[in-house]
Amino acid sequence: MKLDIDIKQLLNAVDVPAQWVGLREVYEAHTPRMIRDGVPVANGRVSTHGIMVEVLVNGQFGYYGTPDMSPESIAKAAKKAYRQAEIASHNAHYQFDLSARPSHQGSYQSPFTKNRNDLSAGKLNEILLEAYNHLKVSDKIVSASSLCQVIETTFRFVSSNGSDIHQDFLMLEFDLSATAAEGPNQQTRTFGGMRGTCRQMGMEYFDKYEILANANRIGEQALELLSADDCPTGEMDVVIAPDQMMMQIHESIGHALEVDRILGDERNYAGWSFVKLEDFGKLQYGSKLMNITFDPTLESEFASYAFDDGGLKATKEYLIKEGLLVRGLGGQESQIRSGLNGVANFRASGWNRAPIDRMANINLEPGNSSFDELISQVEYGVYMESNKSWSIDDYRNKFQFGCEYGKLIENGKMTKTVKNPNYRGISNPFWRSLKGVGNADTFGIYGTPNCGKGEPNQVIRVGHASPACLFENIQVFGGV
Amino acid sequence: MEQIFNQLSESLFSELQNGENLILSFSGETSQFIRFNNAAVRQTGLVDDTNLGLKFIANNRTIRGGFTVSGNFDIDVARGKSEIARMRLEAQEIPEDPFVVFPENTGSSHEIKPAKSLPFEHAVDAILPAMSGVDFVGVWANGRMFRGNANSLGQKHWFETESFSLDYSLVTPEHQMVKGSFTGNNWNQEDYESYVKRSREKLILMERKPIKINTGNYRTWFESAAVADFLGMFSWNGISEASLRQGCSGFGRMRHDDIRLSPKFSIVEDFSSGFCPKFNSNGEVSAEKLSLIENGELKNTLVSSRSAKEYGVESNYAESGEYMRSPKMSTGSLNHENVVSEIGEGLYLSNIHYLNWSDNAGGRITGLTRYACFWVENGEIIAPIETMRFDDSFYNFFGGKLIEVEDKFSVNPEVETYGGRSLGATTCPGILVDSFALTL
């Protein structure tokens, strides 16, 4: 049950002598459904609703997040936020002014044709159960699951300098998973790796026949992996599918370009960055084939929006153009602190956290090569799909990724299936080894609901779209 | 807060009809967060956040609900009633679950931990002076936390504590860092200043020029904080019975091939320290101690009541995710004063970073060195090392390659704040291993 709040009226209840006051109301409901091993293991609906009161006092922001949205509570919260900011202002890291919260008005509605109620809990369970039956292609599939999560978010933002923003989102996370095992030999195949299939869309996604076909393929591939040889070890070319490119972009570009990291805010938690403020406009991040955008406008991508949580209007911008680093992932506060051009990426995980620089949709723009042309350039290498393991250092340099499914490439052709395909490298040299970028036909839109960062910690949704890509001379290896 | 929980529980239980069961989970906090960078305040604020989780069981179906508790009784009861009505309808629609776990009344509990924390308004002035002249970055979290559980059979648990944590890094001009985590229930300014003084002394060691080491296998000492991170992997596709049954556990070789770790390695789930409640979200109470690995042998996995029904084994009342909530590893005989000489030549790793399974079936874990990590030669610390990636199996470093375990524990409190502030801690000693693989 969502409470209707007149947030503009609540702003009138605030009575503190602050330079600026903002109210950010967030309602979010998650509806998970999951069938595992033929029985329902998750059916529910959990919501959160509250307001973040933010004030600017002597150049220092202070906040109070409260679930009590009465005028009296908001007035009291503003007073407490004011006192927090006032005390901290004597030791402020930066003295902000009103330019940190520009005034904008507007709205956004994510695209969908069928809302949550258009597919009943019973019908959705039926589809998921049928998908499970198609995953279980053999007795060697020791566990299989099909799941979805519907996310509904309403965001309102008003401020003392006239911002008035309303955004509504309907989003879906979907996954299919099959694990084949014989004793300790175990292989899992999913639909896009690590919840990679997540988009802004509605229940129109549930085309039963497409889901069942994918379920069958995933079950068969899990079995195939069980008897496959291990991925070879050595330096070789790799062709990476969009559902792994997602993770590569996320870890070795996205986080590295967050300006608050570069400014040191994250050093105690997520880490720093090998990118320095003076690198913008100068650093050749990757090969000339590399074009990376911040694109909150791509329809249906997971983190599309019209305004960030500080109220800044969001537009598509190039971060890396023809391999050259041109712009950082810095919201208005970071742009002021660093003097760099940035983007509208000042985002919070909910009403109970203050916004910080986050990724939204960070995409690799398509190139000119067909998938077959990418493969044909490889004499000996591995094609890899779907992330299952990820790790990178605190400067975003030394990464290692593992994928679910690999195919050996020999003399320009994909040959046998290999299990446990892994690769490792260092961000800049890796991106400079980008030798081929797939065309729009190879482009896939993915995302993740689980990007963690910030103190206090925040988990946030991001989108990543990419074509398949070819990299040369990469360290590749298999399992134990 | 307890009164709000009691009133809400009473009202919502009275809504139930014949054959319906309800379990309520209450989780909340009143917290102050201050984020520091360059020994100044970057962000500051307060958060009141309480959530009520509902688990409705009827018609052999389980449906979950949940909402934010506003503190206004009429609003919260209306939200709760609306949730019950929705769940009642869903219970007629979804398929039957043969492994439904019904609530029981096995007794109630009540635990409120007294504390003398730092008043919110005094935090900045208490913390910053000790950090004067050093590049200090981190986060302060402080305030009360609540956990409650009640079911429609009359069982009720309440746990309430007040705690603080200052999780921080000190940074040299050459970007070398030392980690600190000052946590507790009773603030003592003198203890805090001594703790920071020790961090600052460690930072002096980091001022030596870092050296680059080659990939390869090294004799390695892991401080308790690093061991705690390795043990954390046991909670993610590790020692869970469901993970083993579903083919996604790194413990498969121990279960299927009877592989053992080192006889020097033992770990128990131990609630006696009181870092977190003994009850889980079903309201079930775990034994005070449960041996998981004893002298290298897998004794018990974590088994939730659902797994118990599904796989026909006995529940040890693990949380539904079957993760460790209060792990404690046994000590050995190595005195910390002798660590560097026992390394001889090799690595001294204080902290590790960004762990993930690189080959779950093989127990292989990858990650990176971070913070105070040193190269040791002739039994002396030579210099900090540049960041290195490792990739090795716990069957090695907790198994055949484990030389000795430290003779003392350290407590590594849980300081994560995703969604809300966490409870719990990992209690463990450091370990010395004969060989550890650095790969990049």
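Please read these numbers as outputs of a predicted model, since none were measured by experiment. (Residues numbered from 1 in each chain as written. Chains lettered and ligands numbered in written order. Predicted model: local features only at pLDDT ≥ 70, side-chain atom pairs only at ≥ 80, totals over all residues.)

1. Topic: the overall build of chain A
On a plain count of helices and strands, chain A comes out with nine helices and 24 strands. Since a compact globule built from 480 residues should have a radius of gyration of about 23 Å, the 23 Å found for chain A is in line with a globular shape. Across its three principal axes, chain A shows a C-alpha extent of roughly 70 × 55 × 35 Å. A total of 480 residues make up chain A; the buried ones form 60% of that total. (Helix = DSSP H or I, 4+ residues; strand = E, 2+ residues; numbered from the N terminus. Rg over C-alpha atoms; globule rule 2.2 N^0.38 Å. Buried ≥ 20, exposed ≤ 12 C-beta atoms within 10 Å, placed from the backbone.)

2. Concerning the domain arrangement of chain B
Residue and element names in this part refer to chain B. Under the domain assignment used here, chain B contains domain 1 (2-205) and domain 2 (216-438). Relative to domain 2, the C-alpha centre of domain 1 lies at a distance of 25 Å. Among the secondary structure elements, those contributing two or more residues to the side of domain 1 that touches domain 2 are strand S1 (21-37), strand S2 (40-58), strand S5 (135-151), strand S6 (156-171), strand S7 (177-184) and helix H4 (189-205). Tallied by class, residues from the side of domain 1 that touches domain 2 come to ten nonpolar, 14 polar and six charged. (Domains from an automatic or database assignment. Nonpolar A, V, L, I, M, F, W, Y, C, P; charged D, E, K, R; others polar.)

3. Quick notes on the environment of Gly310(A)
Residue and element names in this part refer to chain A. Following the sequence through the fold, Gly310 ends up in the loop between strand S11 (292-294) and strand S12 (317-321). Of the residues examined, Gly310 has 25 C-beta atoms within 10 Å and is grouped as buried. Sequence-wise, Gly310 and Glu126 are 184 residues apart; in three dimensions their C-alpha atoms are separated by 42 Å. With near-sequence residues (within four places) excluded, Gly310 lies in contact with Arg101, Gly331, Gln332, Phe346 and Pro355. (Contact = placed C-beta atoms within 7 Å.)

4. Focus: the domain arrangement of chain A
All names here are of chain A. On domain assignment, one finds that chain A holds domain 1 (7-227) and domain 2 (230-477). Using only C-alpha atoms to locate each centre, domain 1 and domain 2 end up separated by 21 Å. The interface is formed by 45 residues belonging to domain 1 together with 37 residues belonging to domain 2. Of the residues in the side of domain 1 that touches domain 2, the class split is 17 nonpolar, 19 polar and nine charged.

5. Here's the deal with the confidence of the model for chain B
Summing up the model confidence of chain B, the mean pLDDT is 96 and the portion of residues at 70 or higher is 100%. Here the predicted complex carries an ipTM of 0.96, next to a pTM of 0.96. (pLDDT = per-residue confidence, 0-100.)

6. A word on the nonpolar core
If you look at the biggest cluster of nonpolar residues, it comprises 226 residues, and the most contacted ones within it are Val53(A), Val55(A), Val239(A) and Val382(A). In contact with Val55(A), not counting residues within four places along its chain, are Val16(A), Ala18(A), Trp20(A), Val21(A), Gly62(A), Ala78(A), Ala81(A), Tyr82(A) and Ala85(A). Core analysis: the next-biggest nonpolar cluster, separate from the first, contains 20 residues, Phe5(B), Leu22(B), Ile23(B) and Met87(B) among them. (Core = buried A, V, L, I, M, F, W, Y, C linked by C-beta atoms within 7 Å.)

7. Here we look at H4(B)
Because each turn of an α-helix spans 3.6 residues, side chains separated by three or four positions end up pointing in the same direction. All names here are of chain B. Helix length check: H4, at 17 residues, gives a terminal C-alpha distance of 25 Å against a target of 24 Å (1.5 Å per residue), a fit within 8%. Taken residue by residue, H4 has Val196, Ser199 and Leu203 as its buried positions. Projection of H4 onto a plane perpendicular to its axis shows the buried side chains occupying an angular sector of 55°, all on one side. Residues of H4 that are exposed and angled more than 90 degrees away from the buried face: Glu190, Asp191, Ser194, Lys197, Arg198, Glu201 and Ile204. The elements touched by buried residues of H4 are S6 and S7. (Expected span 1.5 Å × (residues − 1). Arc of directions from axis to C-beta.)

8. Observations regarding the interface of chain B and chain A
Facing the 79 residues of chain B at the interface are 73 residues of chain A. By residue number, the principal contributor to the side of chain B that touches chain A is S2(B), which donates twelve residues. Examined bridge by bridge, strand S2 (residues 39-57) of chain A and strand S3 (residues 61-68) of chain B share three bridges and lie parallel to one another. By the bridge assignment for S3(B), Val46(A) is matched with Gly66(B). (Pairing = 2+ DSSP bridges.)

9. Notes on unusual backbone geometry
The residue after Glu455(A), namely Pro456(A), is reached through a cis peptide bond having omega 0°. With respect to the helices and strands, the residue Pro456(A) is situated in the loop between strand S22 (444-453) and strand S23 (458-466). With phi around 65°, Ser386(A) is a residue other than glycine that occupies positive phi space. As for its position among the elements, Ser386(A) is in strand S17 (residues 380-392). Overall, the presence of 27 C-beta atoms within 10 Å leaves Ser386(A) in the buried class. You will see that Asn60(B), though not glycine, has its phi angle at about 60°, which is positive.

10. With respect to the environment of Pro119(B)
Residues and elements named next belong to chain B. Within the secondary structure, Pro119 sits in the loop between strand S4 (109-112) and helix H3 (123-127). Judged by local crowding, Pro119 falls into the exposed class, with 10 C-beta atoms found within 10 Å. Separated by 74 residues in sequence, Pro119 and Glu193 have C-alpha atoms that sit 17 Å apart.

11. Section: the packing of helix H3 (residues 121-135) of chain A against helix H4 (residues 208-226) of chain A
Residues and elements named next belong to chain A. Relative to each other, H3 and H4 sit at 30°, their axes nearing to 7 Å. Accordingly, the angle class assigned to the pair H3 and H4 is roughly parallel. Of the two possible hands of crossing, H3 and H4 adopt the one that is right-handed. Touching Ile127, Glu130, Ala131, His134 and Leu135 of H3 are Lys208, Ile211, Leu212, Ala215, Asn216, Ile218 and Gly219, all from H4. A class-by-class count of the residues in the contact of H3 with H4 yields seven nonpolar, three polar and two charged. (Axes fitted to C-alpha atoms, helices over the stretch in contact; angles between N-to-C directions. Parallel < 35°, antiparallel > 145°, perpendicular 65-115°, else oblique. Left-handed = near helix turned anticlockwise from the far one by under 90°.)

12. Some words on the sheet that holds S12(A)
All names here are of chain A. What the four strands build is an open sheet, ordered S13-S12-S11-S16; its pairing is antiparallel. Here the strands that pair on one side only, and so sit at the sheet edges, are strand S13 (324-325) and strand S16 (362-364). Summarising the sheet, S11 and S12 pair through three bridges and their orientation is antiparallel. Residue pairing across strands places Thr293 opposite Tyr318, the latter belonging to S12. Sheet strands touched by helix H5 (residues 242-254): S11 and S16. Its angle to S16, the strand with the most contacts, is close to 115°.

13. Observations concerning the packing of helix H1 (residues 2-13) of chain B against helix H2 (residues 73-90) of chain B
All names here are of chain B. Two elements in contact, H1 and H2, have axes whose closest approach is 10 Å; the angle formed by their N-to-C orientations is 40°. Comparing the axis directions of H1 and H2 gives the class oblique. Judged by the sense of rotation from one axis to the other, the crossing of H1 with H2 is right-handed. Touching Gln7, Leu8, Ser11 and Leu12 of H1 are Phe73, Asp76, Val77, Gly80 and Ile84, all from H2. Tallied by class, the residues present in the contact of H1 with H2 amount to five nonpolar, three polar and one charged.

14. Some thoughts on the pairing of strand S18 (residues 398-410) of chain A
All names here are of chain A. Burial within S18 is extensive, with twelve of its 13 residues counted as buried. Where S17 and S18 come together, eleven bridges link them in antiparallel fashion. The residue bridging Ser391 from the neighbouring strand is Gln400, located in S18. Between S17 and S18, which follow one another and run antiparallel, lie five residues, and Arg396 among them has a positive phi close to 65°. Two successive antiparallel strands, S18 and strand S19 (residues 413-419), enclose a turn made up of two residues, where Asn411 displays a positive phi of approximately 50°.

15. Digging into H4(A)
All names here are of chain A. An ideal rise of 1.5 Å per residue puts 27 Å on 19 residues; H4 measures up with 28 Å between its terminal C-alpha atoms. Of the residues making up H4, those classed as buried are Ile211, Ala215, Ile218, Gly219, Gln221, Ala222 and Leu225. Buried residues in H4, looked at end-on, bunch into an arc of 165°, giving them a common side. Exposed side chains of H4 directed beyond 90 degrees from the buried face belong to Tyr209 and Ala213. On its buried side, H4 packs onto H3, strand S5 (141-159), strand S6 (164-182), strand S7 (185-190), S18 and S19.

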